[in-house]
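# A structural walkthrough
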Amino acid sequence: MMGKLSLRSFVCGIGAFLLLWALAAHLLAMPVVPPPSEVFARLAEKFTGVIAVHAGYSLMRIALGLSLAVAVGYPIGILMGYFPRVNRILAPMLYLAYPVPKIALLPVVMLIFGVGESGKILLIFLIIVFQVVVAVRDATAGIPAATYEPLRVLGASFWQMVRHIVLPASLPKFITAVRIAMATAISVLFFTETFGTKYGIGYYIMDAWLRVNYLDMYAGIAVLSAIGLLLFALLDAAEHVLCRWKN
């Protein structure tokens, strides 16, 4: 019942947004604000041959950056949360690097790794990995010591305790951290795709803007928004499946 209510509310929200967009386009009567019907008609016209290719490149960069951030950040977060000595060693470096705006590192990344795929994926990695480390570390450190005792009595190894206690306990905070970081990652992806590439939704939007092609520009913005919506929906689905114990 709650899922149906949420879906109904979501559909109503989209409908209200499109209605306001259509009203603004009618009142302003300016080429810079085309009506949604024309934008979606252009999107349907160019999606298969053009826009889908750019969307595929953007999704690939996000997927690779996210996968790398999880592969590196999750184990580090567990080690920092489980072993106080590891936390004392790594925490100063984490606190120094975490507050640095990652977009400010763009010139350094481009100078070292060039303007190709490596630099774009690395920036997405840097945005997400610190969020993952902090969330998993705090979730792991917050597990009561008594929770481990039954498995210790049974002779469980460290990896068995990670599998049966630490992973389930840290997953909710991990997914929340990725959800928060994802919005920033998409914004930075848009910015990086305006440099040294001819593929990606960011490039497509800026190219359309420079050509004063507002229908193409809005079509690209709609697809970029859909990518963000898709990623958030996938994270919600993952949380529903992997964290059933919360319910």
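Everything numeric here is computed off the predicted structure, so don't read it as measured data.

## Remarks on helix H2 (residues 36-82)
- Here H2 contains 47 residues, and its C-alpha end-to-end distance of 52 Å is more than 12% below the 69 Å for a straight helix at 1.5 Å per residue.
- Of all bends in H2, the biggest is about 90 degrees, found at Phe47.

## Let's talk about helix H8 (residues 201-210)
- All buried positions along H8 are accounted for by Ile201, Gly202, Tyr204, Ile205 and Ala208. One side of H8 holds all its buried residues, which, seen down the axis, span an arc of 165 degrees.
- Residues of H8 that are buried in the fold lie against H2, helix H7 (158-192) and helix H9 (214-242).
- Phi for Val212, located one or two positions after H8, is positive at around 55 degrees.

## Some details on the packing of helix H5 (residues 117-141) against H7
- It is the contact of H5 with H7, at a shortest axis distance of 8 Å, that shows an interaxial angle of 155 degrees. With respect to H7, the element H5 is oriented roughly antiparallel. Where H5 crosses over H7, the two elements pack in a sense that is right-handed.
- By residue class, the composition of the contact of H5 with H7 is 18 nonpolar, five polar and three charged.

## A word on the nonpolar core
- Counting 61 residues, the largest nonpolar core has Ile62, Phe174 and Ile201 as the members making the most contacts within it.
- Mapped onto this core, the elements with two or more residues apiece are helix H1 (2-28), H2, helix H3 (84-97), helix H4 (106-113), H5, H7, H8 and H9.
- In terms of residue count, H7 provides more of this core than any other element does, 15 residues in total.
- With sequence-adjacent residues up to four places away left out, Ile201 is seen in contact with Ile51, His54, Ala55, Ser58, Glu193, Gly220, Val223, Leu224 and Ile227.

## Focus: the side chain of Ser58
- Checked against the element boundaries, Ser58 lands in helix H2.
- Each residue touching Ser58, except ones within four places of it in the same chain, is listed here: Leu189, Glu193, Gly200, Ile201 and Ile227.

## As for unusual backbone geometry
- Phi angles above zero are rare outside glycine, and Ala29 is one such case at about 50 degrees.
- Following the sequence through the fold, Ala29 ends up in the loop between H1 and H2.
- Note on Ala29: relative accessible area 64%, which makes it exposed.

## Topic: the UniProt feature "domain: ABC transmembrane type-1" (unreviewed entry) in the protein chain
- The feature "domain: ABC transmembrane type-1" (unreviewed entry), as given by UniProt, occupies residues 55-236 in the numbering adopted here.
- With 81% helix and 0% strand, residues 55-236 has its two end C-alpha atoms placed 21 Å apart.

## Quick notes on the pattern of salt bridges
- On inspection of all chains with the given rule, the structure shows 11 salt bridges.
- Between Lys46 and Asp216 there is a salt bridge, with its nearest N and O atoms 2.9 Å apart. With Lys46 in helix H2 and Asp216 in helix H9, this residue pair connects regions lying 170 residues apart in the sequence.
- Through salt bridges with shared partners, one network takes in Arg42, Glu45, Lys46, Asp207, Arg211 and Asp216.

## Thoughts on the confidence of the model for the protein chain
- Here the protein chain averages 88 in pLDDT, while 97% of its residues score no lower than 70.
- Scored below 50 in pLDDT, residues 1-5 shows zero contacts in the model against residues more than four places distant or in partner chains.

## What to know about the environment of Lys120
- You can see Lys120 is positioned in helix H5.
- Between the C-alpha atom of Lys120 and that of Met110, which follows or precedes it by 10 residues, the distance is 8.7 Å.

## Some words on a nonpolar patch on the surface
- Residues Leu7, Phe10, Val11, Ile14 and Leu229 make up a contiguous nonpolar surface patch of about 450 Å² in total accessible area.
- Among the elements that make up the nonpolar patch, the one with the highest residue count is H1 (four residues).
- Summarising the element assignment, Val11 is placed in helix H1.
- Val11 sits in the exposed class, given a relative accessible area of 52%.

Cut-offs applied
- Residues numbered from 1 in each chain as written.
- Predicted model: local features only at pLDDT ≥ 70, side-chain atom pairs only at ≥ 80, totals over all residues.
- Heavy atoms only, no water.
- Helix = DSSP H or I, 4+ residues; strand = E, 2+ residues; numbered from the N terminus.
- Expected span 1.5 Å × (residues − 1).
- Bend = angle between axes of the 7 residues up to and from the residue.
- Buried < 20%, exposed > 50% of the residue type's maximum accessible area, 1.4 Å probe, protein only.
- Arc of directions from axis to C-beta.
- Contact = heavy atoms within 4.5 Å.
- Axes fitted to C-alpha atoms, helices over the stretch in contact; angles between N-to-C directions.
- Parallel < 35°, antiparallel > 145°, perpendicular 65-115°, else oblique.
- Left-handed = near helix turned anticlockwise from the far one by under 90°.
- Nonpolar A, V, L, I, M, F, W, Y, C, P; charged D, E, K, R; others polar.
- Core = buried A, V, L, I, M, F, W, Y, C linked by side-chain atoms within 4.5 Å.
- UniProt positions renumbered as here; feature names shortened; annotations may be inferred.
- Salt bridge = Lys/Arg side-chain N within 4 Å of Asp/Glu carboxyl O.
- pLDDT = per-residue confidence, 0-100.
- Patch = residues over 30% accessible without salt bridge, like charges linked within 9 Å, V, L, I, M, F, W, Y side chains within 5 Å.
- Areas by Shrake-Rupley, 256 points an atom, 1.4 Å probe, with all protein chains shown as cover.

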